Amino acid sequence: MLKWLTMSRKIELSESMEDYLEVILQLQGTNKVARAKEIAEKMGVSLASVTASLRKLSERELVNYAPYKYVTLTSTGQTIAREILQKHKIIKDFLIRVLTVEASQADLAACRIEHTMDRTAINKLIAFVDFIDTCPRVGKDWFQKFRKCSSSKLDWEQCENCLNECKKHHQKRKIR
């Protein structure tokens, strides 16, 4: 169980419940509302499972739900769902751009990681990616070099050449 601290209380949510919130947010973004049947299809679960989960989420005041009606997120549910979705996107981006994981594999891994990574860790991950994107010692070409080095057997001579290129690049930057 993961604990979410809201303005008024702590809410305990399982990974599954977080997934429901994320799916409802995505469906609301497309259709303004979600239907239990759409949630079941998108998650690959039975309608009975969706109904049971929606009841639990409703008890926690995270969704507006009544049998045979549309489902919407409450403001608290929407806040939590947006944070989960944002973590998912950040982690997936990191896995694809930095670690060069294939997109579908990165999506599955991000889905598992998003439930365990706390706000402090995700903020550090964001700071690291921002550093890589903006620091003059790294940048976009750094990713390309990493991809090249990580896709083949480590060649120390190539590493030395790469370091020499980097030194030349920085010396040019200092002169300006």
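What comes next is a walk through the structure. (Residues numbered from 1 in each chain as written. Predicted model: local features only at pLDDT ≥ 70, side-chain atom pairs only at ≥ 80, totals over all residues. Heavy atoms only, no water.)

1. Some points on the overall build of the protein
Within the protein, the secondary structure is distributed over 8 helices and 4 strands. Mapped in sequence order, the helices and strands of the protein form the string β-β-α-α-α-β-β-α-α-α-α-α. Across the 176 residues of the protein, 34% fall into the buried class. Relative to all contacts within the protein whose residues are 6 or more apart in sequence, the contacts with residues 24 or more apart total 53%. (Helix = DSSP H or I, 4+ residues; strand = E, 2+ residues; numbered from the N terminus. Buried < 20%, exposed > 50% of the residue type's maximum accessible area, 1.4 Å probe, protein only. Contact = heavy atoms within 4.5 Å.)

2. So, helix H5 (residues 103-113)
Those residues of H5 not exposed but buried are Ala-106, Ala-109 and Ala-110. The buried residues of H5 occupy an angular sector of 105° when projected down its axis, which confines them to one face. Away from its buried face by more than 90 degrees, H5 exposes Leu-108 and Arg-112. Looking at the buried residues of H5, the elements they touch are helix H4 (75-97). (Arc of directions from axis to C-beta.)

3. A few points about helix H1 (residues 15-31)
The α-helix winds at 3.6 residues per turn, so residues separated by three or four positions along the chain end up facing the same way. The first and last C-alpha atoms of H1 sit 24 Å apart over 17 residues, in line with the 24 Å expected at 1.5 Å per residue. Buried within H1 we find Met-17, Glu-18, Asp-19, Tyr-20, Leu-21, Glu-22, Val-23, Ile-24, Leu-25, Leu-27 and Gln-28. Lys-32 sits one or two positions beyond H1 and adopts a positive phi of about 75°. (Expected span 1.5 Å × (residues − 1).)

4. Quick notes on the environment of Ile-113
Along the polypeptide, Ile-113 turns up in helix H5. A C-alpha to C-alpha distance of 7.7 Å links Ile-113 and Ile-91, two positions 22 residues apart in sequence. The contact partners of Ile-113, leaving out residues within four places of it in the chain, are Ile-91 and Leu-95.

5. Section: the packing of aromatic side chains
In this structure the tally under the stated criterion is 1 aromatic pair. Ring centres of Phe-94 and Phe-128 lie 6.2 Å apart, and the angle between their planes is 65°; this geometry places the pair in the edge-to-face category. Of this pair, Phe-94 sits in helix H4 while Phe-128 sits in helix H6 (residues 119-134); the two residues are 34 residues apart in sequence, bridging distant segments of the chain. (Phe/Tyr/Trp six-rings, centres within 6.5 Å; stacked < 30°, edge-to-face > 60°.)

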